[in-house]
Amino acid sequence: MNVRSVAELAHSAHGPMRRAISRHPLVIDMAEIVVVGGGYVGLCTAVAFAEQGHRVTVIDVIPEKVARIKQGRAPFYEPGLEESLQRLISARVLDATTDLAASVRKADFTFLCVGTPQGPDGSQDLSYLRKATEEVGKALRNSQRSHVVVTKSTVVPGTARDVVVPTLEHGSGKRVGAGIGVGSNPEFLKEGTALQDARHPDRIVVGATDETTRAAIWSLYPGASCPRIDVDCTSAEMIKYAANAFLAVKISFANEMANIGDKLGVDWNHVVRGIGDDPRIGHLFLRAGIGFGGSCFPKDVAALSHVGREARAPSKLLDAVLEINERQPLRVVEMLEAALGPVQGKRIALLGLAFKPDTDDVRESRARPVWQALVARGAEVACYDPRASRGFSALEPRADIRTTLAESLEGAHAAVVCTEWPEFHGLAARPDAPPVIIDGRRAVAPGGRSRYLAIGDGGAR
Ligand code: UDX
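Computed from a predicted structure; not experimentally measured.

What counts, and at which threshold
- Within every chain, residues take consecutive numbers counted from 1 along the sequence as written.
- In view of the model being predicted, local features appear only for residues whose pLDDT reaches at least 70, and side-chain atom pairs are presented and counted only at 80 or more, with totals across whole chains, interfaces and linings using the full set of residues.
- Each side-chain value is worked out from all heavy atoms of the structure, with water and hydrogens disregarded.
- Both cavities and pockets are sets of points on a 1 Å grid over the protein atoms alone; in a cavity a 1.4 Å probe fits but cannot get out, in a pocket the set is open with protein on both sides within 12 Å along at least five of seven lines, and lining residues sit with an atom within 4 Å of a point.
- Grid points are joined across faces, edges and corners, and a volume is the space filled by probe spheres set on the points.
- Between any two strands, pairing holds if DSSP finds at least two bridges.
- A run of DSSP states H or I qualifies as a helix once it reaches four residues; a run of E qualifies as a strand once it reaches two. Both are numbered from the N-terminal end.
- Angles here are taken between N-to-C directions and fall from 0 to 180 degrees, while the axes themselves are lines fitted to C-alpha atoms, restricted in helices to the stretch in contact.
- The quantity known as pLDDT measures the predictor's confidence residue by residue, on a range of 0 to 100.
- Any pair of residues with heavy atoms lying within 4.5 Å of one another is described as a contacting pair.
- Relative accessibility thresholds used throughout: buried, under 20% of the residue-type maximum; exposed, over 50%; partly exposed, between the two (1.4 Å probe, protein chains only).
- The path from the first strand over the helix to the second decides the hand: if it runs clockwise while the strands point away from the viewer, the crossover is right-handed.
- Asp, Glu, Lys and Arg are counted as charged, while Ala, Val, Leu, Ile, Met, Phe, Trp, Tyr, Cys and Pro are counted as nonpolar; the rest, among them Gly, fall into the polar class.

**Topic: empty space enclosed by the protein**
Across all of its chains, the model carries one cavity of 30 Å³ or more by this definition. The volume enclosed by the largest cavity comes to roughly 40 Å³. Surrounding the largest cavity, Thr151, Lys152, Ser153, Thr154, Val155, Ser184, Pro186, Glu237 and Lys240 form its lining.

Below is the structure:
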């Protein structure tokens, strides 16, 4: 059975027939899917659906990005993405275009994967989402075909109800529930393993405005063996925020505890070993260091805090999480000064510019405040990253970027490690290792003659 007929049948059915369709273990041959937004979430979602045999069209407003995708070239580095794009574009099951209206008119589903940046007051800027939804609505105005619009972007709770539904109804002139449905199906992918996460999610959350729409969305995940969570759209949106906020809480908790442990001579990794076997706690996401960066945690925690304030339920916890995270990069600078004295005129190798390994993404990278603090104190900073140099130069055009690790270490009084790239693992054992290594990520293996200090090691090495 083709998903189009399932969706259409389901939308036109009533009573027991409708319920039967909702319960039917839907097996689909091929759906026409539009994915709006060619970023991490959009492209990985598109690849995962196309690999399952659906026809997917990626929409982006930037023509150069569309041209790149059409050539099978990824607009950013993500392991395995380029190979998958090439394969699927050659097989003609994946395409990209700037023409949203024409693509939506012949599709069964639109997945909204546009950016939701942070406004100046920490609130979420939904203007891209509004615009995309309005355009999808207009495209559906004279269409007889049933269509489901699903949000995958991280959006503040209430967005489907207060923004997507009314905007879609306004644009299309139709009522949601009569031929068009709205859903929320948040994405939990992590950069660096984004494709794997999209192909093999650890859970799937579906919110929907009605049961027919819910059945249509589930029809896209016929073989998923992971837990399936059915909720309303607002709960689905909150699930995404709560997940990211909780992970950010864990990191700031680990950093706060590690800071205390460093004063008491306690190695935080030993503590995690001792608490992590308690199934209520676990071992993961308790690595201490210079804090969390990336496109999600800083922005999402700020947005949720803003939502709480607006709803007259302000969150001291979320604000503290962000405050700890802002302070944490400066710890490596303090440690450096404690080891070297004033850094004025000293040569420092800044190793790792990406917000985490296996990505070229420098958004909210914690290396940036470290670089700024060192430069403000008059240090000569030589930066190196195996992938993120170009992105970092765009943010900080004055940064002195070296092309190899060896070049960045030339004449260095100290190295500060900000990203746990595997290349830095053997840093201490290198013949050109600097006299002092400050490890902001516990990335460097023991050994060698350098003085080694790491956040959270309690001065153990
Ligand atoms: C995150 C969420 O993990 C993902 O589920 C969501 O969909 C998007 O946001 P991502 O931003 O790609 O994914 O990276 P993640 O691996 O979660 O790391 C985020 C930041 O936290 C990195 O800067 C990382 O270095 C830092 N981190 C992570 C720590 O400082 N300590 C830890 O224990 C774990």
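**Focus: the sheet that holds strand E4 (residues 109-112)**
Pairing between sheet strands relies on hydrogen bonds along the backbone, with the strands arranged either parallel or antiparallel. Pairing is mixed in the open sheet, where eight strands are placed in the order E3-E2-E1-E4-E5-E6-E7-E8. The open sheet has two free edges, formed respectively by strand E3 (94-97) and strand E8 (228-231), since each of these has just one partner strand. Pairs of neighbouring strands in the sheet enclose a mean axial angle of 25 degrees, with direction left out of account. As paired elements, strand E7 (residues 204-208) and E8 share four bridges and run parallel to each other. Note on E8: the bridge partner recorded for Gly207 is Val231.

**Examining the confidence of the model for the protein chain**
Confidence in the prediction for the protein chain averages 93 pLDDT; 93% of positions are at 70 or higher. Ignoring residues within four places in sequence, the model shows residues 1-27, a span with pLDDT below 50, making 43 contacts including any to other chains.

**Section: the pairing of strand E9 (residues 347-351)**
Of all five residues in E9, four are buried; the element is thus mostly enclosed. Read from E9 through helix H16 (residues 367-376) to strand E10 (residues 380-384), the crossover connection turns out right-handed. Inspection of the sheet shows E9 paired to strand E12 (residues 414-417) by four bridges, in the parallel sense. The residue of E12 that forms the bridge with Ala349 is Ala415.

**Remarks on the layout of surface pockets**
Quantified by volume, the second largest pocket comes out at close to 220 Å³. Lining the second largest pocket are 15 residues; nearest its centre among them are Leu126, Val156, Pro157, Thr159 and Val307. Put simply, the parts of the chain that give the lining of the second largest pocket at least two residues each are helix H8 (159-172) and helix H13 (297-310). Along the lines of polarity and charge, the residues of the lining of the second largest pocket split into seven nonpolar, five polar and three charged.

**Overview of the sheet that holds strand E11 (residues 400-401)**
Spatially, six strands are ordered E11-E10-E9-E12-E13-E14 in an open sheet, and the strand pairing comes out parallel. Of all the strands in the sheet, the pair left with one neighbour each is E11 and strand E14 (451-454). Relative to the sheet, helix H15 (residues 329-340) contacts E9, E12, strand E13 (436-439) and E14, its axis offset from that of E13 by approximately 160 degrees.

**Looking at the side chain of Asn244**
Assignment of secondary structure puts Asn244 in helix H11 (residues 233-264). With relative accessibility at 7%, the residue Asn244 sits in the buried group. Excluding residues that lie within four positions of it along the chain, Asn244 makes contacts with Cys296, Phe297 and Asp300.

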